[in-house]
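# What the coordinates show
Letter by letter, the chains look like this.
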Amino acid sequence: MATRRIVVVGNGMVGHHFLDTLVGAKTGDLITVIGEEPRPAYDRVHLSEVFSGRSPEELAMGSRKMYSDWGVEAHFGDPVVRIERAAKRVVTGSGRTFAYDRLVLATGSYPFVPPVPGADNERCLTYRTIDDLGAIKAAAKGSSIGVVVGGGLLGLECANALQNLGLETHVVEFAPGLMGVQLDDGGSSMLRSKIEALGVRVHTGMNTQAITGGSACALQMEFADGTRLDTDMIVFSAGIRPQDALARDAELAVGERGGIVIDYKCKTSDSDIFAIGECALFGGRIYGLVAPGYRMAEVVAGQLAGEAVTFQGADMSTKLKLLGVDVGSIGDAHCRTEGALSYVYSDGREACYKKLVTSADSSRLLGAVLVGDCSDYDTLLQYFLNDMALPADPQALILPASGDRPQLGVAALPATATICSCHNVTKGDVVACIDAGSVSLADVKSTTRASTGCGGCSAMLKNLFDDELTARGVTVDRSLCEHFSHTRQELYHLVMLGEIHSFEELLQKHGRGRGCEICKPAVASILAALWNDHVLDRRHVGLQDTNDNFLANMQKDGTYSVVPRVAGGEITPAKLSVLGAVASKYQLYTKITGGQRIDLFGARLEQLPAIWQELIDAGFETGHAYGKALRTVKSCVGSTWCRYGVQDSVGMAIRLENRYKGLRAPHKIKSGVSGCTRECAEAQSKDFGVIATENGWNLYVGGNGGMKPRHADLFAADLDDDTLIRYIDRFLMFYIRTADRLQRTSVWLDNLEGGIGYLRAVVIDDSLGLAAELEQQMAHIIGTYACEWRATLADPDKLKRFRQFVNSDESDSGVVFIQEREQIRPARPEERLRLVAVSE
Amino acid sequence: MTALERSAWVVVCERQDLVAGGGVCALLGNEQVALFYLPQEDCEVYALANRDPIGKANVLSRGIVGDIGGQLVVASPLYKQHFSLESGVCLEDERIRIPVYAVRLDGDSVLLAQP
């Protein structure tokens with residue numbers, strides 16, 4: 001038998017999906033695709049993203065190279081103009097002919113332009129192709145007002161595009177409400193008020209009578225009620241019509257209102273011709289979404305591969321974000337089923353609207369409408385698609401979250417439940433994929449294709465994946481971020497064992513992509529804890545949070561605060577005077593911190609080096625208030641002065657602070673030393689706290705104030721000075737090695753398997769044989785300590801970065817201060833406006 | 001290049017003023033422009049408005065750069081929202097978009113297009 005010749009007319013998303021599926025089925029057919037547009041298939045669903053910066057190239061789905069690799073003959077820009085059924089061939093505009101054994105029509109649809117006089121004006125456009133976008137962009141350049149005719153899904157997308165182009169945007173809709181197909185009246189009016197709040201003007205119930213040249217603007221629209229609207233351009237997005245002209249001319253059966261009639265095999269009235277996607281009419285209905293089109297494509301490809309597959313119609317439920325507003329519609333949104341009940345929840349303050357439509361006995365979900373909050377969509381869709389029994393009080397499914405809200409866990413779903421409707425992946429498919437050995441979410445995605453279409457199911461897929469792995473006793477992914485599938489602890493070991501000294505090296509060996517603001521500082525902290533290079537070394541600069549980067553703490557207006565170290569809170573009058581003098585000279589706001597030191601606020605970036613030069617000349621050093629590092633060791637005055645003190649708490653605090661200053665850790669570390677059991681230094685609220693006893697020191701660990709207060713645990717009692725320090729060395733290094741990113745010692749200890757007992761075994765009894773190594777590492781860090789500010793001031797290359805502008809000595813004009821209680825503070829926005837108005 | 005086109009480009013600094021893997025800020029007329037130098041990327045230099053429209057301060061040049069889902073971004077040092085280096089769109093809220101400037105390297109000179 002000669003090779004079958006398959007000709008596909010149309011290379012949109014559905015046509016492309018058909019080629020993809022058929023090629024994948026390895027049928028050995030000779031495949032030809034002929035597209036009308038000058039370019040291969042692209043993602044039309046995300047077309048509007050081109051206006052928010054995505055390049056048209058990024059939308060591409062197919063390419064000439066891809067098709068040639070697949071062995072598919074592809075022709076673009078020369079549309080088919082005629083089907084000659086008797087001769088079984090198609091003819092293109094340029095006169096080329098292509099013979100077929102099977103013909104697949106995937107011609108899609110075209111935008112409906114209402115027959116209004118003047119609609120053919122050159123400033124009246126449509127919105128469907130990449131070329132349309134170009135025309136809209138060009139027209140928008142000379143426009144200040146734009147009108148979208150059509151308040152449906154596409155119309156609102158288009159309105160978003162016009163807004164992004166900076167136009168005053170109007171939506172004109174013939175029907176009484178927006179998105180009338182998907183939403184009921186309540187949902188529609190909530191959507192309207194939300195998008196009006198975004199500045200889009202909505203006009204519903206408007207029947208456009210004529211479009212004429214205007215005087216105020218380029219165009220004027222006249223409506224049946226006599227009103228008029230001036231605009232510079234109009235985009236028609238009032239629905240789609242099936243592109244069925246080829247079929248009509250070839251006398252294939254078409255619907256009364258258009259659409260190529262197909263049966264459940266997607267065959268047209270000619271059994272050698274199929275039609276798929278938006279050009280096809282199945283059961284009297286056009287399926288204007290991409291998922292049903294994909295289903296049809298798979299049905300035809302399956303049949304050509306010899307499978308007995310059929311198209312059974314498709315669910316038209318949809319979830320999307322329009323102008324930033326979440327909108328969801330499931331099944332019978334309008335409550336048209338006989339005897340159906342509806343439950344409505346509407347919250348004017350939060351601007352969200354939710355409706356459930358259930359069967360008369362409230363046991364099954366028939367439909368739903370969600371506007372403003374789509375978080376329940378996935379759950380509701382599963383109830384709907386799987387015909388699952390609803391809980392006794394269905395309304396609880398849409399009421400604001402409360403403790404007893406019924407949860408539909410992924411575990412409860414049947415194996416037939418659809419997880420990804422774009423690629424028709426069921427829970428069973430995902431489970432089978434994991435059974436077959438997939439251990440990463442990326443694996444499951446690439447094998448099943450779940451979540452690679454619209455991405456709406458990604459959260460549910462991840463839940464299912466985690467749930468299945470947990471059920472199999474596999475540890476769930478605790479990746480630091482998308483660039484490293486490791487925990488901080490694992491990365492620490494990789495850096496240490498691999499003797500890795502730069503982020504790039506670690507990323508290259510163990511990660512992917514380019515890094516982000518999560519992994520870069522985390523790795524920088526690990527590198528600092530292990531090798532203690534200067535944080536502003538050229539290769540580390542880009543890794544640091546701004547605070548580490550400029551060795552100061554950024555405040556809300558972009559200025560910085562400066563905190564010199566005042567170890568143990570002890571300061572001489574002379575040094576205290578220097579702080580006062582420097583603060584006066586640079587007009588800084590001054591405040592005493594909770595850690596017994598002084599914070600100087602309002603320093604501009606370019607002032608930092610001069611301020612620090614003066615501080616360092618006076619004997620200060622950096623306080624690391626900007627780092628995930630040891631901050632302060634707070635102390636009470638102790639036995640030196642206090643009548644009750646039993647040990648020199650100030651002396652010990654200074655010794656500890658100077659020992660651990662600059663130590664980089666997963667999070668900041670605070671400490672305190674109290675001279676007696678009255679605990680005036682609040683040591684039990686610190687990461688490590690020391691309280692004097694008659695016989696020495698008690699050591700406490702894992703305390704925290706702040707958001708989640710935790711009293712520290714007594715770790716060891718009556719220690720002498722050297723033992724105390726040895727234990728703290730080991731404790732801190734073990735924490736640095738094993739904690740997660742941004743995990744304080746309190747949470748770390750709570751999560752440590754074996755708890756304080758295990759920690760004692762490691763630190764005191766050396767159960768892991770690590771003690772010597774931990775001490776050695778601490779000794780290295782202490783031995784290589786250098787004041788980061790002193791080092792920075794000595795290095796012109798590092799200093800260069802402390803300026804607002806690379807090409808000017810000016811200051812940031814956005815920084816404005818006003819006086820309050822005899823000091824400066826940042827101006828509030830309304831004050832700023834006033835100040836600018838006065839100064840102009 | 002026509003004379004008109006050439007006059008629209010302004011040298012703002014030299015390559016050595018940039019920080020590899022990070023940002024600096026340049027003044028273009030009265031506008032603050034954040035310049036990000038990523039020597040491994042196609043464009044090498046990316047230019048965005050320095051103003052963080054969410055934090056309302058001129059700080060974006062001091063954010064950490066990286067990629068999210070393959071898209072080059074800078075994370076605001078104030079509240080960590082991500083802005084695309086190529087389009088200026090905020091990944092957390094697509095309605096927010098900050099200006100992007102045309103930028104190029106001519107030898108070791110960094111040029112910005114006068115808007």
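Residues numbered from 1 in each chain as written. Chains lettered and ligands numbered in written order. Predicted model: local features only at pLDDT ≥ 70, side-chain atom pairs only at ≥ 80, totals over all residues.

### Here's the deal with the overall build of chain A
In terms of helices and strands, chain A carries 26 helices and 39 strands. Here chain A, with 840 residues, has 46% of them falling under the buried criterion. If you take every contact in chain A between residues at least 6 apart in sequence, the share linking residues at least 24 apart comes to 60%. (Helix = DSSP H or I, 4+ residues; strand = E, 2+ residues; numbered from the N terminus. Buried ≥ 20, exposed ≤ 12 C-beta atoms within 10 Å, placed from the backbone. Contact = placed C-beta atoms within 7 Å.)

### Section: helix α23 (residues 771-783) of chain A
All names here are of chain A. Between the first and last C-alpha of α23 there are 18 Å, a value that for 13 residues agrees with the 18 Å anticipated at 1.5 Å per step. Listed as buried for α23 are Ala771, Leu774, Gln777, Met778 and Ile781. All buried residues of α23 fall inside an arc of 135° around its axis, so they share one side. Seen from the buried face of α23, the exposed residues on the opposite side, beyond 90 degrees, are Ala772, Gln776, Ala779, His780 and Gly783. Residues of α23 that are buried make contact with α20 (721-738). (Expected span 1.5 Å × (residues − 1). Arc of directions from axis to C-beta.)

### Quick look at the sheet that holds strand β1 (residues 9-14) of chain B
Whenever strands of a sheet pair, they do so through backbone hydrogen bonds, lying parallel or antiparallel. All names here are of chain B. An order of β1-β11-β10 is seen for the three strands of this open sheet, with the pairing classed as antiparallel. The open sheet terminates on both sides in strands that have one partner only, identified here as β1 and β10 (103-106). The average undirected angle you get between the axes of adjacent strands in this sheet is 35°. Two elements, β1 and strand β11 (residues 109-113), share five bridges in a ladder whose sense is antiparallel. Paired with glutamate 14 across the strands is serine 109, a residue of β11. (Pairing = 2+ DSSP bridges. Axes fitted to C-alpha atoms, helices over the stretch in contact; angles between N-to-C directions.)

### Some details on the environment of aspartate 106 of chain B
Residue and element names in this part refer to chain B. On the secondary structure map, aspartate 106 appears in strand β10. C-beta crowding within 10 Å serves as the criterion here: with 9 such atoms nearby, aspartate 106 is assigned to the exposed category. In this structure the C-alpha to C-alpha distance between aspartate 106 and valine 11, which are 95 residues apart in sequence, comes to 9.0 Å.

### Some details on helix α1 (residues 13-24) of chain A
Note on helix geometry: an α-helix contains 3.6 residues per turn, so any two residues three or four positions apart are oriented the same way. Residue and element names in this part refer to chain A. Helix length check: α1, at twelve residues, gives a terminal C-alpha distance of 16 Å against a target of 16 Å (1.5 Å per residue), a fit within 8%. The buried fraction of α1 amounts to nine of the twelve residues, a majority that puts the element mostly inside the structure. Those residues of α1 that fall on the buried side of the exposure criterion are Met13, Val14, Gly15, His16, His17, Phe18, Leu19, Asp20 and Leu22. Buried residues along α1 sit in contact with β1 (5-9), β2 (30-35), β7 (102-105) and α7 (290-304). Looking one or two residues past α1, lysine 26 carries a phi angle of roughly 50°, positive in sign.

### Things to note about the sheet that holds strand β16 (residues 233-236) of chain A
Residues and elements named next belong to chain A. Within the open sheet, the five strands sit side by side as β9-β16-β10-β11-β12. Their pairing is parallel. Edge positions in the sheet fall to β9 (124-126) and β12 (201-203), since each has one partner strand and no second. Strand after strand, the sheet turns through a mean of 25° between neighbouring axes, direction not considered. Two strands pair when backbone bridges link them, and strand β10 (residues 145-149) and strand β11 (residues 168-172) are joined in this way by five bridges, in the parallel orientation. From the neighbouring strand, valine 149 faces β11, where its bridge partner is valine 172. Against the sheet, helix α4 (residues 153-164) touches β10, β11 and β16, its axis set at about 165° to β11.

### Describing unusual backbone geometry
Peptide bonds are mostly trans, and most non-glycine residues show a negative phi. Although it is not a glycine, methionine 179 of chain A sits at a positive phi angle of roughly 50°. Along the chain, the position of methionine 179 of chain A falls in the loop between β11 and α5 (185-197). At lysine 80 of chain B, a position not held by glycine, the phi torsion is positive, near 70°. With 16 C-beta atoms packed within 10 Å, lysine 80 of chain B lands in the partly exposed category.

### Thoughts on the environment of glutamate 298 of chain A
Summarising the element assignment, glutamate 298 of chain A is placed in helix α7. Through-space distance from the C-alpha of glutamate 298 of chain A to that of leucine 19 of chain A is 9.5 Å; in sequence the pair is 279 residues apart.

### With respect to the nonpolar core
Residues Val523 and Leu699 of chain A together with Ala26 and Leu35 of chain B are the most contacted members of the largest nonpolar core, which totals 104 residues. Of the domains in this structure, domain 3 (488-547) and domain 4 (631-783) of chain A are the two that each give at least three residues to this core. Filtering out sequence-adjacent residues up to four positions away, leucine 699 of chain A remains in contact with Phe688, Val690, Phe715, Ala716, Leu719, Leu724, Tyr727 and Ile728 of chain A. (Core = buried A, V, L, I, M, F, W, Y, C linked by C-beta atoms within 7 Å. Domains from an automatic or database assignment.)

### Some details on the packing of α1 of chain A against α7 of chain A
Residues and elements named next belong to chain A. Where α1 meets α7, the closest approach of the two axes is 8 Å, and the angle between their N-to-C directions is 35°. By crossing handedness, the relation of α1 to α7 is classed as right-handed. Packed against α1, whose contacting residues are Met13, Val14, His17, Phe18, Thr21 and Leu22, the element α7 presents Val290, Gly293, Tyr294, Ala297, Glu298, Val300, Ala301 and Leu304 at the interface. Counted by class, the contact of α1 with α7 contains ten nonpolar, three polar and one charged residues. (Left-handed = near helix turned anticlockwise from the far one by under 90°. Nonpolar A, V, L, I, M, F, W, Y, C, P; charged D, E, K, R; others polar.)

Everything listed is a geometric property; what it means functionally is a separate question.
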